[in-house]
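Here's the letter readout for the chains.
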Amino acid sequence: MAQAKSAGGGSRGASTRTRKSRTSSPPKNKVAELLPYYRDMLLIRRFEEKAGQMYGMGLIGGFCHLYIGQEAVVVGMQAAIGKGDKVVTSYRDHGHMLACGMDAKGVMAELTGRIGGYSKGKGGSMHMFSREKDFYGGHGIVAAQVPIGTGLAFANKYNGSKEVSLTYLGDGALNQGQVYESFNMASLWKLPVIYIIENNKYAMGTSVTRAAAGTSLSQRGAAYGIPGAEVDGMDVVAVHEAAEKAVKHCRAGKGPYILEMKTYRYRGHSMSDPAKYRTKEEVNKMRQEHDPIDHLRATLLEMGIDEDELKGIDKEIKAIVTDAADFAQSSPEPDASELYTDVLVEA
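Residue indices follow the written sequence of each chain, beginning from 1 at its first position. Local features in this predicted model are restricted to residues of pLDDT 70 or higher, and side-chain atom pairs are both shown and tallied only at a pLDDT of 80 or more, whereas totals for entire chains, interfaces and linings draw on every residue. Side-chain metrics in this entry use all non-hydrogen atoms of the structure; hydrogen atoms and water are not considered.

This part is about the overall build of the protein chain. Along its length, the protein chain carries twelve helices and five strands. The C-alpha atoms of the protein chain give a radius of gyration of 20 Å, which matches the 20 Å a tight globule of 347 residues would have. Oriented by its inertia axes, the alpha-carbon framework of the protein chain measures out at about 65 × 50 × 40 Å. Think of it in three bands: with a 1.4 Å probe and only protein chains considered, a residue is buried below 20% of the maximum accessible area for its type, exposed above 50%, and partly exposed in between. Across the 347 residues that make up the protein chain, the buried fraction comes to 54%. In what follows, residue pairs with any heavy atoms lying within 4.5 Å of each other are defined as contacts. Within the protein chain, residue pairs in contact and separated by at least 24 positions form 75% of the contacts whose partners lie at least 6 positions apart. Per-residue and other accessible areas were derived by the Shrake-Rupley procedure at a 1.4 Å probe size, with only the shown protein chains allowed to occlude residues. Roughly 15,600 Å² of accessible area belongs to the protein chain as shown, and the carbon and sulfur atoms make up 53% of that amount. In the protein chain, the 43 positive side-chain charges and the 41 negative ones have mean positions that sit 4 Å from each other. Secondary structure counts use DSSP, requiring at least four H or I residues in a row for a helix and at least two E residues in a row for a strand, with both numbered from the N terminus. The reference for a compact globule is 2.2 Å times residues^0.38; the radius of gyration itself is calculated from the C-alpha atoms. For the purpose of charge, His is not counted, nor are the chain termini; Lys and Arg are scored as positive and Asp and Glu as negative. One atom stands in for each charge, and that atom is NZ of Lys, CZ of Arg, CG of Asp or CD of Glu.

Written out as structure tokens, the structure is:
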């Protein structure tokens, strides 16, 4: 009997065999918790696949960095925080927006440069914000979001709140000087910030083993007294468990925390990157053996979830993404007068 194809492009059989060797096997009473993880990761996956298609059709221009493969990181982290907690990230940001609860229509419209987008079509892929969802943007300059995320944590502490700041960065950004200035300040003032290093092994296209002197990235804050942990970023349950520990640490007033997520992106650095610096065999092996959606799908099936229920979720997600793409294409382009709006704060 042929194996059914999975969300990540591999087979459920391969994913199930890999899953049995993992340590995070949740109990059956976790089904209600795991289904939203599955849905959220699938939404990001299908959205990014559609964005890739639209880019290929010329409907999306400029830079477009897809999050395919890394979905477990942001979904697991978001599940550990609450309203008022702040999120800031880099240019690979669509998944973070969706995980924060931002509308897929608004995100896709922004990608296509339309007025219905979160930045009125003026920001594009890398520059969207939502104060309502406590999402403080994707940032195109490497590591520029790290001081911002640290500043958000400073504001939280200054205002006497228990809110935390999730500050995402990549393995390539970790070698920027402003990162360590932020580490120093955050530790000195015991700021409630979690630095999430999304180590997808290649930064823009150079292997982390060639770019980093010392590849234990979770320990980069040790000189500043910042605790760190390495996490399987392809396992949403492992991510969530690590996130809860880090959030508890920050809310208790103990200062910053570092989480290194060992993850992997299936596509190139951006849509213009052919990713010739790694082999197809390497990518296929990751898809077949470590895909976060396949792994969770196999877990849910073993726990007794009906396959038709999972198919229903997939159908629902595809409809959401289709609606988002239709909205993006039907939304008008911004008027030329928009060039002069959102530049200065009006008193």
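Let us keep going from here.
Here we take up the nonpolar core. One finds M77, L166, I194 and L259 to be the most contacted residues of the largest nonpolar core, which totals 73 residues. Take this core: its biggest share by element is twelve residues, from helix α2 (residues 31–56). Residues contacting I194, with those up to four places away along its chain left out, are M77, S165, L166, T167, A246, V247, C250, Y257 and L259. Put simply, a nonpolar core is a bunch of buried Ala, Val, Leu, Ile, Met, Phe, Trp, Tyr and Cys residues held in one set by side-chain atoms that sit within 4.5 Å of each other. Listed in part, the 19 residues of the second largest apolar core include A143, L169, L191 and I258.

Throughout this description, the term salt bridge denotes a Lys or Arg side-chain nitrogen within 4 Å of a carboxyl oxygen of Asp or Glu. Inspection of the entire model under this criterion finds 17 salt bridges. The closest approach of N and O atoms between R45 and E71, which form a salt bridge, is 2.5 Å. With R45 in helix α2 and E71 in helix α3 (residues 71–78), this pair connects stretches of sequence that are 26 residues apart. Here R45 and E71 have matching classes, each one buried. Here the salt bridges do not stand alone but share partners, grouping R46, E49, D314 and K318 into one network.

Residues form patches when they are more than 30% accessible in relative terms and have no salt bridge. Like charges link within 9 Å. Nonpolar side chains (Val, Leu, Ile, Met, Phe, Trp, Tyr) link within 5 Å. Taken together, F154, Y158, M185, L188 and W189 make up a surface patch of nonpolar side chains, about 590 Å² in accessible area. For the nonpolar patch, the secondary-structure elements that each account for two or more residues are α6 (145–158) and α7 (177–188). On the secondary structure map, L188 appears in helix α7.

Here a cavity is any set of points on a 1 Å grid over the protein atoms alone where a 1.4 Å probe fits but cannot get out, and a pocket is any open set with protein on both sides within 12 Å along at least 5 of 7 lines; a residue lines the site when it has an atom within 4 Å of a point. Grid points are joined across faces, edges and corners, and a volume is the space filled by probe spheres set on the points. Counted as a void, the largest pocket has a volume near 300 Å³. In terms of lining, the largest pocket is formed by 21 residues, of which the most central are Y91, G170, D171, G172 and A173. Think of it as three bins: nonpolar holds Ala, Val, Leu, Ile, Met, Phe, Trp, Tyr, Cys and Pro, charged holds Asp, Glu, Lys and Arg, and polar takes everything else, Gly as well. Looking at the lining of the largest pocket residue by residue, the classes come out as eight nonpolar, ten polar and three charged.

Moving on: the environment of L35. Its location among the elements puts L35 in helix α2. For L35, a relative accessible area of 16% gives the class buried. C-alpha of L35 to C-alpha of H240: the two residues are 205 residues apart in sequence and 14 Å apart in space. Aside from chain neighbours lying at most four places away, what touches L35 is L300, I305, E309, L310 and I313.

Glancing now at the packing of aromatic side chains. Paired rings are identified among Phe, Tyr and Trp, the last through its six-membered ring, by centres lying within 6.5 Å, and are further divided according to the angle between planes into stacked (under 30 degrees), edge-to-face (over 60) and tilted (the rest). Inspection of every chain in the model, using the stated rule, returns nine aromatic pairs. What links up through ring pairs into an aromatic cluster is the set Y180, F183, Y195 and Y224.

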